[in-house]
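Structural description and commentary
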Amino acid sequence: MINQIRASVEAEFAQVNALIIEQLHSDVDMVENVGQYIVDAGGKRLRPLLALLAAASLGEVTDKHIKFAAVIEFIHTATLLHDDVVDISTLRRGRPTANAEFGNAPSVLVGDFLYTRAFQLMVQLDDMRVLKLMADVTNLIAEGEVMQLVRAGDPNTSREQYFDVITRKTAILFAAACEGAAMLNGESDETLKTMHDIGLNLGIAFQLIDDVLDYEGDPETTGKNVGDDLNEGKPTLPLIHAMQQASSADAELIADALRTKSAEHLAEIIELAAKTGGIAETRSAAEACCDLVNEALATLAPSAAKTSLETLATFSLSRES
């Protein structure tokens, strides 16, 4: 389905990939090596694709949009490099993480390189509004990462606190991809708000399904280990809901697993997340977000890119990786 979604901006997407490879060039071998390793890992490049589709749905994709899409991908990749170090992750997209392959220090430092490369590209856009948007967004992402770190191992995390974390950590970059593309098109404040909302709700839905897949996904398909979130003590919505609905003994089993960051009772906890409706509730919340995406998309003029965005909303719910 992702190829179908990409079809309306295929040529522009190829230009973004080429620019990413070009901008990864460095005289420092370690930067080249880690950077190339990340590029070779593939991935859907969903966020830069979203920027291109947003631009195309509002008119046309320009050279500035190509650069902006690369900015979005560099910021996202930098967060992944840092995330994997913080989470001590060993597997992503079906192969060893960069920190597992090269070590923590190179991963952190190359992540810094990608952040700074993103801002070098943003300066070339010569648009102060976009620069301010991305400076604010990058700061919010960093806050989200710290909030997630603070919440790790805390079974008392509320539903509201969970949504605050995933909004900052994940959804805000989706929102920026859409809003920034609209800014570069010179759209009105009303349209900027519409595009922001489309990206934000799509990003929340995407993270919600990610949190479902952590408990019922196939590692061969997701490229990640089942139960990673539990091992990291992350109180995601499937478990927050399960603890609210389960018996006191079962709720304590989940709470203790979060506190000790242990997947020892993973099979039992997966069963509890399903039995108490935690998985279903999380999918339902994702569906509600996608309903909001489609409501906002209904205000846009018909186009191939708009259709692709509608398909992307459907894909975010049905994806298996």
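Bear in mind the structure is a predicted one, so any value in this text is a computation, not a measurement.

1. What to know about the overall build of the protein
What the protein contains, in helices and strands, is 17 helices and two strands. On C-alpha atoms alone, the protein measures out to a radius of gyration of 19 Å, which is about the 20 Å that the 2.2 N^0.38 rule sets for 321 residues. With the C-alpha coordinates of the protein rotated into their principal frame, the extents come out at 60 × 50 × 30 Å. A total of 321 residues make up the protein; the buried ones form 55% of that total. For the protein, the proportion of contacts with a sequence separation of at least 24, taken over those separated by at least 6, is 77%. Carbon and sulfur atoms make up 52% of the accessible area of the protein, which totals about 13,500 Å². Counting 25 positive and 49 negative side-chain charges, the protein places the centres of these two groups 2 Å from one another.

2. A look at empty space enclosed by the protein
The tally for this structure, following the rule as stated, stands at two cavities of 30 Å³ or more. Forming the boundary of the largest cavity are 13 residues, of which Ile 38, Ala 41, Asp 84, Arg 92 and Ala 98 lie nearest the centre. Contributions of two or more residues to the lining of the largest cavity are made by α3 (29-40), α5 (63-86) and β2 (95-96). For the lining of the largest cavity, the class distribution of residues is seven nonpolar, two polar and four charged. Estimated volume of the second largest cavity: approximately 60 Å³. Together, Ile 20, Leu 24, Gly 35, Ile 38, Val 39, Arg 45, Glu 73, Phe 74, Thr 77 and Leu 114 line the second largest cavity. Elements with a contribution of two residues or more to the lining of the second largest cavity: α3 and α5. For the lining of the second largest cavity, a count of residues per class yields six nonpolar, two polar and two charged.

3. Thoughts on unusual backbone geometry
Of note, Ile 88 is a non-glycine position whose phi angle comes to about 55°, a positive value. Along the chain, the position of Ile 88 falls in the loop between α5 and β1 (91-92). Under the relative-accessibility criterion, Ile 88 is labelled exposed at 69%. At Asp 126, a residue that is not glycine, the phi angle is positive and equals roughly 55°. Relative to the helices and strands, Asp 126 is located in the loop between α7 (104-125) and α8 (128-151). Judged by relative accessible area, Asp 126 falls into the exposed class, the value being 69%.

4. Side note on the environment of Arg 151
Structurally, Arg 151 is set in helix α8. Among the residues examined, Arg 151 registers a relative accessible area of 25% and is labelled partly exposed. Along the backbone, Arg 151 and Gly 277 are 126 residues apart, and their C-alpha atoms lie at a distance of 23 Å. In contact with Arg 151, not counting residues within four places along its chain, are Thr 157, Gln 161, Val 165, Gly 233 and Pro 235.

5. Digging into the pattern of salt bridges
Enumeration according to the criterion identifies 13 salt bridges in this entry. Asp 83 serves as the salt-bridge partner of Lys 169, at 3.8 Å between the closest nitrogen and oxygen. Highlighted residues: Lys 169 in helix α9 (residues 159-184) and Asp 83 in helix α5, separated in sequence by 86 residues. Taken as a pair, Lys 169 and Asp 83 share a single burial class, namely buried. Asp 210 serves as the salt-bridge partner of Arg 319, at 3.0 Å between the closest nitrogen and oxygen. Placement of the pair is Arg 319 in the segment after α17 (304-318) and Asp 210 in helix α10 (residues 189-216), with a sequence separation of 109 residues. Owing to a relative accessible area of 4%, Arg 319 belongs among the buried residues under this scheme. Residues joined by salt bridges that share partners form a network here, namely Asp 87, Glu 232 and Lys 234.

6. Brief notes about α8
Here α8 spans 34 Å end to end across 24 residues, near enough to the 34 Å set by a 1.5 Å rise per residue. Those residues of α8 lying buried are Val 130, Leu 133, Met 134, Val 137, Thr 138, Ile 141, Gly 144, Glu 145 and Gln 148. At its buried positions, α8 is contacted by α5, α7 and α9. The N-cap of α8, judged by a side-chain oxygen 3.1 Å from the amide nitrogen of Arg 129 a few residues on, is Asp 127.

7. Observations regarding helix α4 (residues 46-57)
Between its first and last C-alpha, α4 extends 16 Å over twelve residues, near the 16 Å set by a 1.5 Å rise per residue. Packed against the buried residues of α4 are α1 (2-6), α2 (10-23), α5, α9, α10 and α17. Of the residues flanking the end of α4, it is Gly 59, one or two places downstream, whose phi is positive at about 155°.

8. Topic: the side chain of Thr 282
Checked against the element boundaries, Thr 282 lands in helix α16 (residues 278-297). The class for Thr 282 is buried, based on a relative accessible area of 0%. Beyond its immediate sequence surroundings of up to four residues, Thr 282 is in contact with Leu 208, Val 212, Leu 237 and Pro 238.

Definitions and limits used
Residues numbered from 1 in each chain as written. Predicted model: local features only at pLDDT ≥ 70, side-chain atom pairs only at ≥ 80, totals over all residues. Heavy atoms only, no water. Helix = DSSP H or I, 4+ residues; strand = E, 2+ residues; numbered from the N terminus. Rg over C-alpha atoms; globule rule 2.2 N^0.38 Å. Buried < 20%, exposed > 50% of the residue type's maximum accessible area, 1.4 Å probe, protein only. Contact = heavy atoms within 4.5 Å. Areas by Shrake-Rupley, 256 points an atom, 1.4 Å probe, with all protein chains shown as cover. Lys, Arg positive; Asp, Glu negative; His and termini not counted. Charge placed at Lys NZ, Arg CZ, Asp CG, Glu CD. 1 Å grid on protein atoms, 1.4 Å probe; cavity = no way out; pocket = protein on both sides within 12 Å on 5 of 7 lines; lining within 4 Å. Points joined across faces, edges and corners; volume = space filled by probe spheres on them. Nonpolar A, V, L, I, M, F, W, Y, C, P; charged D, E, K, R; others polar. Salt bridge = Lys/Arg side-chain N within 4 Å of Asp/Glu carboxyl O. Expected span 1.5 Å × (residues − 1). Polar contact = N/O pair within 3.5 Å; in protein donor to acceptor, adjacent residues only side chain to side chain.

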